[in-house]
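Spelled out, the chains give:
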Amino acid sequence: MSFGILTAPQQVGYDEILRVWREADKVPEIEHAWLFDHLMPIAGDPDGPIFEGWTLLSALAAQTSRMRIGLLVTSNRFRPPAMLAKIATTVDIISGGRLDFGIGAGSRPSHPLARREYDGHGLPYHDQANAVAALAEACTVIRRLWTATSPFDFAGSHVTLTGAFGNPRPVQTPHPPIMIGGRASATLRVVAEHANMWNIPGGGDIEDLAGRSRLLDKYCEEIGRDPAEIVRSIFLPVDYERPGVTRGKIAEAREAGFGHFVLGLANPYPEGIAEWVADELIHRS
């Protein structure tokens, strides 16, 4: 099993997140650390502070040295894919090759707190079918920008590039691992084709989550891909007052075939939280 933490960059200061990441970087049991990708708060004061994910990730990459890092997950709706490929390359280089590239179709614009992000930043919002199709093209373009040895053109339904070329390349070869987040059937088909890792929010009915994983297996088999090539990742919120509840969810997910755990830490972060995660959740799971 592999364990990491997530610190949502909302309703919190940079110094607080930096403290937790620096502490976690010294705890070998914590192998990865994550932020999320929203432009306005989705919990707490709707007008409270929130940091842009990739900018913050770049700063934290420079302040850590061991953990793998990423966004759980980047919204493909927020940034053009070629620009996103360049941003991710920069972070991979700054981190010395520690980036796990998380991406998804983006929050459904029908969700009120998500929809206001689009309105507030002048971003178009599309239906889910459009967003998933755009995600598939984005994955194709981003991977090609990371690996192509000469400029190329791309003409898709959602992305059009002329003379596209990525230089420098990421540190990792052939490219940073791609993690796609989501549970919808259409998204799982994109996972089967493009992802090295798949993440889904946990904490609810484990049989439902296991069913999503079995559906991913089916889609992999349909295209001739070994389902075992895709790491199964799950996000689980941490209950500081009831660690046994979180340990129980970890055990359920492990039995269902999940091996990559992202433990969501709520703000305010207690002193020594990284050591507490290792002692109370990882060692006892």
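Structure shown above.
Anyway, here's the lowdown on the structure attached to this text. (Residues numbered from 1 in each chain as written. Predicted model: local features only at pLDDT ≥ 70, side-chain atom pairs only at ≥ 80, totals over all residues. Heavy atoms only, no water.)

Side note on the pairing of strand β8 (residues 178-181)
- The alternating pattern of β8 places Ile178 and Ile180 on one face and Met179 and Gly181 on the opposite face, and all of these are buried.
- When strand β5 (residues 101-104) meets β8, the two strands line up parallel, connected through three bridges. Each residue of the ladder has a partner; that of Gly102, found in β8, is Met179.
- The pairing of β8 with strand β9 (residues 197-201) spans three bridges and is parallel. Bridge assignment links Met179 to a residue of β9, and that residue is Met197. (Buried < 20%, exposed > 50% of the residue type's maximum accessible area, 1.4 Å probe, protein only. Helix = DSSP H or I, 4+ residues; strand = E, 2+ residues; numbered from the N terminus. Pairing = 2+ DSSP bridges.)

What to know about helix α6 (residues 185-194)
- For α6, the full list of buried residues reads Thr187, Leu188, Val190, Val191, Ala192 and His194.
- Those residues of α6 hidden inside the fold are in contact with α5 (128-147), β8, β9 and α7 (206-222). (Contact = heavy atoms within 4.5 Å.)

With respect to unusual backbone geometry
- Between Leu72 and the following residue, Val73, the backbone shows a cis peptide bond with an omega angle of -20 degrees.
- Looking at where Val73 falls in the secondary structure, it is placed in the loop between β3 (68-71) and β4 (74-75).
- Cis geometry is found at the peptide bond from Asn167 to Pro168, where omega equals 10 degrees.
- Assignment of secondary structure puts Pro168 in the loop between β7 (160-164) and β8.
- For Gln11, which is not a glycine, the phi torsion comes out positive at approximately 55 degrees.
- In this fold, Gln11 is placed in the loop between β1 (2-7) and α1 (14-25).

Note that all results are geometric; they support no functional claim without further evidence.
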